[in-house]
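Structural description and commentary
Residue strings, one per chain:
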Amino acid sequence: MPDWSTCTREEALRRLRSDAPRGLGIAEVTQRQHRYGLNLLPTQKPLSLWRRFFAQFADFLVAILLVAAAISFSLGESTDALVILVVIAINAILGTIQEYRAEKALDALKTLSAPTARVIRDGEIGEVPARKLVPGDVVIIETGDFVPADGRLLETADLKIDQSALTGESRPVEKKADSLLDGEAPLAEKENMVHMGTTVTFGRGKAVVTGTGMYTEIGRIAGLIENAGESKTPLQGKLARFGHQLGLLTILLCLLVFFLGITKGNSFSDMFFLAVSLAVAAIPEGLPAVVTIVLALGVQRMARRGAIIRKLPAVETLGTATVICSDKTGTLTHNAMTVRKVITGSNSLQVSGEGYETVGKFTKEGKIMEPADDPPLSILLKIALLNNNASLAKNNGATQVIGDPTEGALIALAGKAGYDKKGLEAALPRLKEYPFDSKRKMMTTVHHGNLPEWPDGAGARDFLMTKGAPGEVLERCSTWLGYDGIQKMDPGKQEYFLNENSKMARQALRVLAFALKPLEGEPPENAEEAETGLVFVGLAGMIDPPRQEAGQALELCRQAGIRVKMITGDHKETAQAIAREMGLAMNDDEAISGSELDRLDRQELRERVDSFSVFARVSPEHKVRIVEALQARGEIVAMTGDGINDAPALKKAHIGTAMGLTGTDVAKEAAEMVLADDNFATIVHAVQEGRVIFENIRKAIYFLLSANVGEILTIIGAMVLGWPLPLLPIQLLWINLVTDSLPALSLGVEPPERGTMQQPPRGYQEGIFQRGGGITIAVYGIFIAAITLLAFYAGWQESTVKGQTMAFAALALSQLVHVINFRSLKESALRRGLFGNRLLLVGMGFSIALQLTVLLAPFPMSIFRTVALASGDWLLITALASSTLAFGELWKR
């Protein structure tokens, strides 16, 4: 993609073989459409449901179970084989549903293209579908239009473009066709270019199309999204490693037992079913479903708090996040210009309120000031309202600006004093306008009516009202308006106003000056003649302010050991001012600009990235580089944003978080999580939920694996002792899938333990079994195996079938009691209380009922090959099952 900003208008037209007055001919357009294609972004073909379904069977543990099912079926054990296949199918269906919502980032980008465009072809202006534009077309854009393609400007008339979705800059950018750049300018500063997907907020312009489809800035970002790839979440990686390790261990164990049995003279069939029993005992078949459902329950809780999760495994990633890279505009700030300070000849006033809402107060040294108490303030507010082409409108309960955001901020400012734009315009109708231009740097309007605050009395007359750049407006003022009336503008007073302007500029406030004068006779024809001898009224400083709740959320992040970095396309000074106000970065050396970033190679950036808290004037490529540098340092990176320019980094980060209200479709579809309320504080709730979910999954895994270890040791123990097989494969499957899974799911809604958000994040390399987890699982497994073998031995005295029935009952019921031990890995179950998790009690009760049905009802008894037990047998089984809770308390102590 050539840099067209370095070309003159004439050179751009020559290289594109186009003509400004006539545009392209129809025949040439047809040829170029064949050459360049449609002005659309290509879409990727999504995976079919069947391909997604069969992809679930690529898991190593599933492959082991499939082999076991096939051999079981070939040996005539169709019931066991069928149960195994049903289990695998259920897990595959759950996985398919989880992944069904495919990535739609490219489709979302495509929808941002303007549906129609006004174009000059063969010397005539017409409207065509934007998808049919080609390089060399000459298009016309004006206020309210989407820019249909990238283009080099040929003509501009007060043209301003809102590029916030593309660059992150919070206010519209003035465009100039006669500007010529040197090739080093970032995208945000290419003032002679327009880009697809941005919006015209003011003025009009004519441009020659330089790029369409994938050869636009949006198209380039689409390529970045496509090439960014996706990072595995920590939980995905841990479970994948665990699955491979467990699968290999299971195969080795089964082969060892099988060949040892054969060498001792046991039959192939007996040893095969013993090996299958071991495989079924070793593999926690219910674990994938339990993890998926626990994540889904967490998703529901997060949705109720405003965080919508698009990809289930990403829920727990926020719990491990060490760095949050946050976009400034619209995320940490409101993406709404707000006047914070007003200077008149008499007063220096602070203004409260946020965004475009008209709720706020004027204060001086903490005391509330009313406009009626300060005539210059009242006149300044009326100028701000009348010399204004924007309007405010309600949309879904939120106030939005139609037109220039700067003018929207001025309407909100006057509204805080109770002034109504329509009413004031009716009382002082506009007679004439001298539009803003970049040479004069001001806009002037003429109105007829009465200004009661004017010093020389009431009465209807014509007033000329001006707003613009402070330096230029002050040069045209010979007097200033004070509390005591109009006074001469001496050098000292002019220096005072200029100093106040400089102070606000250093605070990254955008400053406008206001002036007026009464007119005698008809308004002059030209602006230069009209804008002389003005009366200076005052200054207003505005900024896109930080959200109040975002500052509180930043403090909570610090407590939780999470570092926050601001990444923005806005100016460095503006970003630093916001960062200082929020306490994010207090020193200038904590900020770096995109041009400075370009001078750092990959290794330098990796070494220094942690020392910066503010990254300003950055491009989409910069954002991806920052995320990659942090990831190279072992950080778990969460990226928040709302614009098109955030999408590649959102996808590259471990978890991308998009804004739901102000976010573009591109950002939402590239992200794993969407904040429905656009509230940065919701991220903190999500972090807490992520930590709780991971701990609850850890508890569920420990519970399931300790039960599985107990099953394995029961089988091996019986073999070592020379006893018959104490449990059948179908019985083990029933325990693993039904009686274990329901209580394990209940652990997924366990309330958070104390101090969850006062601990640093877990390390990325922290395994599931760290903090003594492996020893805990082994000890519990040994105890469960011991009581199961004891129950088998007691029943075996009468028959093998009764021994298997008693072992089946003791193992299932002991595990149901054992789940109480895992309400906390450290705290006593008695201290946690038995009624803190009612769903756990319901799950235990339901599982006990199912287990008793299998042991007491005739038809299931025949399927599971069990026999009736006497009351004495049940007393023994109850005592053995209850002992697991007492043993758990002893082990924790």
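Up top is the structure these notes are about.
An account of the accompanying structure is given in this report. (Residues numbered from 1 in each chain as written. Predicted model: local features only at pLDDT ≥ 70, side-chain atom pairs only at ≥ 80, totals over all residues. Heavy atoms only, no water.)

1. Observations concerning the overall build of the protein chain
Counting secondary structure elements, the protein chain contains 35 helices and 28 strands. Put simply, the protein chain has 893 residues, and 57% of those count as buried. Restricting to contacts in the protein chain with at least 6 residues of sequence separation, those with at least 24 account for 72%. For the protein chain, the accessible area works out to roughly 36400 Å², and carbon and sulfur atoms hold 57% of it. (Helix = DSSP H or I, 4+ residues; strand = E, 2+ residues; numbered from the N terminus. Buried < 20%, exposed > 50% of the residue type's maximum accessible area, 1.4 Å probe, protein only. Contact = heavy atoms within 4.5 Å. Areas by Shrake-Rupley, 256 points an atom, 1.4 Å probe, with all protein chains shown as cover.)

2. Remarks on the packing of aromatic side chains
In total, this model carries 18 aromatic pairs according to the counting rule given. Ring centres of Trp723 and Phe792 lie 6.0 Å apart, and the angle between their planes is 35°; on these two criteria the pair is classed as tilted. With a gap of 69 residues between them, Trp723 in the loop between α27 (681-721) and α28 (729-739) and Phe792 in helix α30 (residues 773-796) connect regions that are remote in the sequence. Taking the centre distance of 5.3 Å and the plane angle of 65° together, the rings of Tyr780 and Phe822 count as edge-to-face. Taken together, the residues Tyr780 in helix α30 and Phe822 in the loop between α31 (800-818) and α32 (829-832) connect sequence positions 42 residues apart. Taking relative accessible area as the criterion, Phe822 reaches 1% and is therefore assigned buried. A cation over an aromatic ring shows up here: Lys160 above the ring of Phe202, its NZ or CZ 6.0 Å from the ring centre. (Phe/Tyr/Trp six-rings, centres within 6.5 Å; stacked < 30°, edge-to-face > 60°. Lys NZ or Arg CZ within 6 Å of the ring centre and 35° of its normal.)

3. Section: the sheet that holds strand β24 (residues 591-593)
In space, the 8 strands of this open sheet follow the order β8-β28-β27-β26-β9-β23-β25-β24, with mixed pairing throughout. Among the strands making up the open sheet, the edge pair consists of β8 (307-309) and β24. Neighbour-to-neighbour, the strand axes of this sheet turn through a mean angle of 20°, independent of strand direction. Direction of pairing for strand β9 (residues 323-327) relative to strand β26 (residues 637-641): parallel, over a ladder of 4 bridges. The residue bridging Cys325 from the neighbouring strand is Met639, located in β26. Against the sheet, α27 makes contact with β8, β9, β26, β27 (655-659) and β28 (673-675), and its axis sits at roughly 140° relative to β28, the strand it touches most. (Pairing = 2+ DSSP bridges. Axes fitted to C-alpha atoms, helices over the stretch in contact; angles between N-to-C directions.)

4. Here's the deal with helix α14 (residues 375-386)
Counted at 1.5 Å a residue, the expected span for α14 with its 12 residues is 16 Å, and the 16 Å between its end C-alpha atoms agrees. By the burial criterion, the buried members of α14 are Pro376, Leu377, Ser378, Ile379, Leu380, Leu381, Lys382, Ile383, Ala384, Leu385 and Leu386. (Expected span 1.5 Å × (residues − 1).)

5. Topic: the nonpolar core
Membership of the largest hydrophobic core comes to 89 residues, with the highest contact counts inside it found for Met302, Leu318, Ile324, Phe536, Met566, Met673 and Phe680. Not counting the four nearest positions on each side in its chain, Ile324 is found in contact with Cys557, Ile562, Arg563, Val564, Lys565, Ala638, Thr640, Phe680 and Ile683. Core analysis: the second largest hydrophobic core is formed by 41 residues, Ile712, Ile787, Val854 and Leu869 among them. (Core = buried A, V, L, I, M, F, W, Y, C linked by side-chain atoms within 4.5 Å.)

6. So, the pairing of strand β16 (residues 430-437)
Pairing geometry for β16 and strand β17 (residues 442-449), over 5 bridges, is antiparallel. Residue Lys432 lies in a different strand from β17, and its bridge partner there is Val446. Adjacent in sequence and paired antiparallel, β16 and β17 are bridged by 4 residues, among which Lys441 carries a positive phi angle near 60°.

7. Considerations on the packing of α27 against α31
Closest axis-to-axis distance for the α27/α31 pair is 11 Å, and the angle between their directions is 155°. Judged by the angle between their axes, α27 and α31 are roughly antiparallel. Seen along the crossing, α27 lies across α31 with a hand that is right-handed. Contacts from Phe703, Ser706, Ala707 and Glu711 of α27 reach α31 at Leu811, Gln815 and His818. Among the residues forming the contact of α27 with α31, the class breakdown is 3 nonpolar, 3 polar and 1 charged. (Parallel < 35°, antiparallel > 145°, perpendicular 65-115°, else oblique. Left-handed = near helix turned anticlockwise from the far one by under 90°. Nonpolar A, V, L, I, M, F, W, Y, C, P; charged D, E, K, R; others polar.)

8. A closer look at the packing of α14 against helix α15 (residues 405-415)
Remark: α14 packs on α15, axes separated minimally by 8 Å, with the N-to-C direction vectors making an angle of 140°. With respect to their mutual orientation, α14 and α15 come out oblique. Crossing hand, α14 versus α15: left-handed. Where α14 abuts α15, its residues Leu381, Ala384 and Leu385 lie against Leu410, Ile411, Leu413 and Ala414. By residue class, the composition of the contact of α14 with α15 is 7 nonpolar, no polar and no charged.

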